[in-house]
Amino acid sequence: MSVDLADFLPAYLTEVEELLGAANTHLLALETAARQRSASPRHVRELFRALHTIKGLSAMIDVETIVSIAHWMETALRQADHAGGRLPESSIEPLMEGLRAIEQRVRQLALGKPIAEVPRALLERLEALDLNAPGRASTQTASARLELEPTLAAKLSTSEQEQLLAGVNGGRRAIRLDYVPSAERAAAGLTINTVRERLGKLAEIVKVIPVAGPTSGAGNLTFALLLLTSTEDAVLLEAVGGPPAKVTPLSSVPAEPAPAPAASALPDESSLFEEERAAAEPRRAGVLRVEVSRLDEALERLAALVVNRSKLARAVAELTAAGAPTRELVQVLQENARQLRDLRAAILHLRMVRVGDVLERMPLLLRGLRRTTGKQARLVMDVGDAELDKAVADRLLPALVHLVRNAMDHALERPDERRAAGKPEEGVVRLACHARTSGRLELTVSDDGRGVDVAAVAARAGVPVPGSSAELLELLCRPGLSTRASANATSGRGMGMDIVKRIIVDQLGGELSLETQPGKGTTFSLCVPLTITILDAFVFECAALRYAVPVSAVEEIIEVDTAHLVRPPGLGDGGVTLVERRGQAVPLVRLERLLQRDDGRAAPGPKAFVVRQRGTPVAFAVDRLLGQQEIVLRPLEDPLVQVPGVAGATDLGDGQPTLVLDLPALGAARGGAARAERPAQRGGVA
Amino acid sequence: MSTLHVVFKVAGAEYAIPASEVLQMESFTGATPVPGAPPHVAGLVQVRGRVVPVVDARARFGMPAAERTLDSRVVVGQLGTRTVGLLVDSAREVMKLAPEQLQPPPPLVAEQARGFVKAVAQLGPRLVMLIDFSRVIGEEKVHAD
């Protein structure tokens, strides 16, 4: 191959990914339509278009198997299109399989694995969908020719030209029917939309092309409808309101240049827009696709600027302290801070993806689960147009997949059980999300199933029945515990809620909660930060080192009054003490002990961060609060330094990495260990 | 063919690592300790905008800890996608070593050195130990796949 595949592959994969997403959506819509025995020409067209593009792209990089699967799917869809957008229910399954087969091969391509052959059985099933198959080969070789004027030909894709040719070879006439809109006609209910509808019954509409330009009349717009039909001209003309409409054959003499509509009216604006949209290929105007790595790079540059500003601020502060006239410098610095904030917002905005797009595959997941579990359920998505940072979205998705799968596997009852319980046979899984202020997004995954059988889960784990939903969640999130509490739940593996928790709580620094009612259903609520790359943080000092903690994780900062500390009995001096906060006893942990930097001081630090750990407030005592500032979080990826409780590192401008702590995780991971390990080692060299 | 090696000192002994595995050398101004990291991890340093973990060669080799001096260096190595620093007492020299100059370490040494020493180069009176960088920084399994 002369073209280097490696160069082209990333672009191919992103584009095909997108097209497959669209294809899935349209096929699912067609499935719904088929079940309701209604026609859906738009989805047939869109699906065809997506497949056709996939086919073209795949041919460019020589992936013959994908080309042939796509080809046979196209052929089946052409049939559906001929039938006015009606797809028999029986053909959905082979098309689904075809799409799966293409996806599978695209994945193989992405992973650099050898591409599997086309399963013979699948091709045969797809081929069987093509009713005209026997005659096809011979008609392909027939020598009909299209006579298209160049302007029209340019607007027709190869497949559309093929479609016209095939029609001619099949004995129909290929014609161009010009429809001229006018205000009077619109008033009489004749618009391009009604014209489409009427003609759809008389002919196969291959394409509608708006032709603008000066005409002999005052009008300046004509719709050229390219049709395949066996209907007589007079009938067709009647359908579009008679003259100035006219019919031009496409398979003989070239048509004359744009005909002159006599009507002196304005074009029907709304239909004009629609046609233009249809004529412009599916790519949305003004949307640019950018590789994530480039956005990362921009963020990286911004991070360098933010760090540099911190350095500058320090230098200026030193100058000021030395008595230098720095007022103007300070002003510039402030202005610079504002600009950086704006730039940060702009770049982060670029990295935002719509939650709805992230969840595009969910209906498909549910469809698959319907088949594997044999349960009836529909997915209701109410996600609005909230947006999330791409990095957060990528991590969030697997957690949501887990939860939806859980709902189908465990929560929803079988149809007969539901009937017996007086519920509709079809269960509902609902995915909802609404943005919340303070940079966090809240999502819920709920079902109207049987609810978690708390007693059964407790018995399974061999523990007392949990008293609150927080405790129940804690129990469900135990590694290895299955939510499959009931004996008659059929399907497989107990999906690990521990994975969901790890993603939401540990990786994203979010919150997870649960609400369940016997017989009514279960709702999981997730609350995640919109972005995890640049964040607002409190910087503080503890045991002579500086640390940062995300502002979003801190509920409150309190003063620790040593006189009012209460030490519960039996824990010795290493234990947790209690501090009073608005009449509530909050456990107070000495952070330096968790950080293994205990220097044997008697008193805890004078300030404390209150965070929520497993739903209850815990205070972490520190020495000194140094301020609040924007930081760039660098995750620690090396296994040597991947430890629970440390979310990453940041540079505060002194060239020395500062740890960004995840206090709830730190407390949870080391709460026990820190006590046992005393006296703590003094790690490293400060 | 002889290849370029970076030579450094730890507790009086000389070690070498192929220059192709070394990204850069940094003077050592302190590392940020990471609670819960393995004991031979001195902490994190920042190298040109990247946050890099540093392995303390003395701690790793079972030598007594020593005061850091102006000579202390961080040898920043690249292992696949990982970037890890090695804190050494000093590093001032690069030298070319030919394959025939390298001998496998005596069995006793190989055993005692837990596989850290890949080979020994004899250069007149000097003995320079060629180290296995991936073993020294630990987590061999990360490298295995």
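What you are looking at is a predicted structure, and each value in this text was computed from that prediction instead of being measured. (Residues numbered from 1 in each chain as written. Chains lettered and ligands numbered in written order. Predicted model: local features only at pLDDT ≥ 70, side-chain atom pairs only at ≥ 80, totals over all residues. Heavy atoms only, no water.)

Glancing now at the overall build of chain A. The helix and strand inventory of chain A stands at 23 helices and 21 strands. Within chain A, the proportion of its 686 residues that are buried is 47%. Accessible surface, chain A as shown: approximately 33,200 Å² in total, 54% of it carbon and sulfur. (Helix = DSSP H or I, 4+ residues; strand = E, 2+ residues; numbered from the N terminus. Buried < 20%, exposed > 50% of the residue type's maximum accessible area, 1.4 Å probe, protein only. Areas by Shrake-Rupley, 256 points an atom, 1.4 Å probe, with all protein chains shown as cover.)

On to helix α3 (residues 64-82) of chain A, then. Given a rise of 1.5 Å per residue, 19 residues ought to cover 27 Å, and the 27 Å separating the end C-alpha atoms of α3 of chain A matches this to within 8%. Looking one or two residues past α3 of chain A, Gly-84 of chain A carries a phi angle of roughly 75 degrees, positive in sign. (Expected span 1.5 Å × (residues − 1).)

Attention now goes to unusual backbone geometry. Phi is positive for Ala-543 of chain A, which is not a glycine, with a value near 50 degrees. Mapped onto the elements of the fold, Ala-543 of chain A is located in the loop between β12 (534-542) and β13 (545-550).

Let's shift gears to the pairing of strand β20 (residues 646-651) of chain A. Residues and elements named next belong to chain A. In terms of burial, β20 is a largely internal element, five of the six residues being buried. Two elements, β20 and strand β21 (residues 657-661), share five bridges in a ladder whose sense is antiparallel. Considered in β21, the bridge of Gly-648 is made with Val-660. Between β20 and the antiparallel strand that follows it, β21, lie five residues; Gly-653 among them carries a positive phi value of about 110 degrees. (Pairing = 2+ DSSP bridges.)

Here the focus is the sheet that holds strand β6 (residues 73-79) of chain B. Residue and element names in this part refer to chain B. Ordered by their spatial adjacency, five strands build an open sheet running β3-β6-β7-β5-β4, and the pairing between neighbours is mixed. Here the strands that pair on one side only, and so sit at the sheet edges, are β3 (22-27) and β4 (41-47). Sheet twist, expressed as the mean angle between neighbouring strand axes with direction ignored, is 30 degrees. Note: β6 against strand β7 (residues 82-88), seven bridges, orientation antiparallel. Within the sheet, the bridge partner assigned to Gly-77 lies in β7 and is Val-84. (Axes fitted to C-alpha atoms, helices over the stretch in contact; angles between N-to-C directions.)

The subject of this paragraph is the packing of aromatic side chains. Residue and element names in this part refer to chain B. Applying the stated criterion across every chain, the model contains six aromatic pairs over all chains. Centre to centre, the rings of Phe-8 and Tyr-15 are 5.9 Å apart; their planes meet at 20 degrees, and the pair counts as stacked. Note on Phe-8: relative accessible area 1%, which makes it buried. For Tyr-15, a relative accessible area of 5% gives the class buried. (Phe/Tyr/Trp six-rings, centres within 6.5 Å; stacked < 30°, edge-to-face > 60°.)

Now for the interface of chain B and chain A. The interface is formed by 28 residues belonging to chain B together with 24 residues belonging to chain A. Around 2,100 Å² of area is buried between chain B and chain A when both sides are counted, 66% of it from carbon and sulfur atoms. For chain B, the biggest contributors to the area lost against chain A are Pro-33, Pro-35 and Gln-46 of chain B; these three give 29% of the whole. Inspection of the chain B/chain A interface yields one salt bridge. Note that Arg-82 of chain B and Asp-638 of chain A form a salt bridge whose closest N and O atoms lie 2.5 Å from each other. Our enumeration of links across chain B and chain A arrives at four residue pairs in polar contact (both at pLDDT 80 or more). Among the elements that make up the side of chain B that touches chain A, the one with the highest residue count is β4 of chain B (five residues). Within the side of chain B that touches chain A, the residues separate by chemical class into 17 nonpolar, eight polar and three charged. (Contact = heavy atoms within 4.5 Å. Buried area = accessible area lost by both parts, 1.4 Å probe. Salt bridge = Lys/Arg side-chain N within 4 Å of Asp/Glu carboxyl O. Polar contact = N/O pair within 3.5 Å; in protein donor to acceptor, adjacent residues only side chain to side chain. Nonpolar A, V, L, I, M, F, W, Y, C, P; charged D, E, K, R; others polar.)

This paragraph deals with the confidence of the model for chain A. Residue and element names in this part refer to chain A. Confidence along chain A averages 78 in pLDDT terms, with 84% of residues attaining 70 or more. pLDDT under 50 marks residues 253-285. Its contacts with residues more than four places away, or in other chains, come to 60 contacts. Considering only residues more than four positions removed or in separate chains, one finds that residues 672-686, a stretch of pLDDT under 50, has 27 contacts. (pLDDT = per-residue confidence, 0-100.)

A word on the nonpolar core. One finds Phe-540, Leu-591, Leu-661 and Leu-663 of chain A together with Phe-8, Leu-86 and Ile-131 of chain B to be the most contacted residues of the largest nonpolar core, which totals 55 residues. Ignoring anything within four residues of it in the chain, the contact list for Ile-131 of chain B reads Phe-8, Tyr-15, Ala-16, Ile-17, Phe-61, Leu-86, Phe-116, Val-117, Lys-118 and Val-136 of chain B. Of all hydrophobic cores here, the second largest spans 49 residues; its members include Leu-379, Cys-477, Ile-503 and Leu-526 of chain A. (Core = buried A, V, L, I, M, F, W, Y, C linked by side-chain atoms within 4.5 Å.)

All names here are of chain A. If you trace the five strands from one edge of the open sheet to the other, you get β19-β12-β13-β21-β20, paired in mixed fashion. Each edge of the sheet is formed by a strand with only one pairing partner; in this case those strands are β19 (624-632) and β20. Between one strand and the next, the sheet's axes are offset by a mean angle of 35 degrees, whatever the strand orientation. Of the strand pairs in this sheet, β12 and β19 are connected by eight bridges, and their pairing is antiparallel. Within β19, the position partnered with Phe-538 by the bridge is Gln-628. Strands β12, β13, β19 and β20 of the sheet are contacted by helix α13 (residues 292-321), whose axis makes an angle of about 150 degrees with β19.

Attention now moves to the packing of helix α16 (residues 362-373) of chain A against helix α17 (residues 390-411) of chain A. Residues and elements named next belong to chain A. Running from N to C, α16 and α17 point in directions that differ by 30 degrees, and their axes come no closer than 10 Å. When the interaxial angle is binned, α16 and α17 end up roughly parallel. The handedness of the crossing between α16 and α17 comes out as right-handed. Mapping the contact onto sequence places Met-362, Leu-365, Leu-366, Leu-369, Arg-370 and Thr-373 in α16 and Leu-397, Leu-400, Val-401, Val-404, Arg-405, Met-408 and Asp-409 in α17. (Parallel < 35°, antiparallel > 145°, perpendicular 65-115°, else oblique. Left-handed = near helix turned anticlockwise from the far one by under 90°.)

Attention shifts here to the pairing of strand β15 (residues 577-581) of chain A. In the case of a regular strand, side chains alternate between the two sheet surfaces. Residues and elements named next belong to chain A. The alternating pattern of β15 places Thr-577, Val-579 and Arg-581 on a buried face, while none of Leu-578 and Glu-580, on the opposite face, is buried. Relative to strand β16 (residues 584-590), β15 is paired through five bridges, and the arrangement is antiparallel. Counted as the bridge partner of Leu-578 is Pro-587 from β16. Between the antiparallel neighbours β15 and β16 lie two residues, among them Arg-582 with a positive phi of about 45 degrees.

It is worth spelling out the packing of α3 of chain A against helix α5 (residues 120-128) of chain A at this point. How two helices pack is summed up by the angle between their axes together with the distance between the axes. Residue and element names in this part refer to chain A. Between α3 and α5, the least distance of the axes is 8 Å, while the angle of their chain directions is 25 degrees. Comparing the axis directions of α3 and α5 gives the class roughly parallel. Here α3 runs over α5; the crossing is left-handed. Side by side, α3 and α5 meet where Ser-68, Ile-69, Trp-72 and Met-73 of the first sit next to Leu-123, Leu-126 and Glu-127 of the second. Tallied by class, residues from the contact of α3 with α5 come to five nonpolar, one polar and one charged.

This next bit is on the environment of Val-463 of chain A. Residue and element names in this part refer to chain A. In this structure, Val-463 sits in the loop between α19 (454-461) and α20 (469-476). Between the C-alpha atom of Val-463 and that of Leu-475, which follows or precedes it by twelve residues, the distance is 9.0 Å. Not counting residues up to four positions away in its chain, the partners in contact with Val-463 are Ala-458, Leu-475 and Arg-478.

As for its placement among the helices and strands, Val-576 of chain A is situated in the loop between β14 (554-559) and β15. The spatial distance from the C-alpha of Val-576 of chain A to the C-alpha of Val-586 of chain A is 9.8 Å, given a sequence separation of ten residues.

Residue and element names in this part refer to chain B. Across chain B, the average pLDDT comes to 87, with 94% of residues at or above 70. Taken together, the stretch residues 140-145 has pLDDT below 50 and engages in seven contacts with residues farther than four places along the chain or on a different chain. Per the prediction output, this complex has pTM 0.51; the corresponding ipTM is 0.88.

Counted by the stated rule, this structure contains 42 salt bridges over all chains. Of the charged contacts, one joins Arg-68 of chain B and Asp-56 of chain B as a salt bridge, the two residues approaching to 2.9 Å between their closest N and O atoms. Linking Arg-68 of chain B in the loop between α1 (57-61) and β6 with Asp-56 of chain B in strand β5 (residues 50-56), this pair joins segments that are twelve residues apart in sequence. Exposure class is identical for Arg-68 of chain B and Asp-56 of chain B. Each is buried. Each of Glu-31, Arg-35, Glu-93, Arg-367 and Arg-371 of chain A takes part in one network of salt bridges that share partners.

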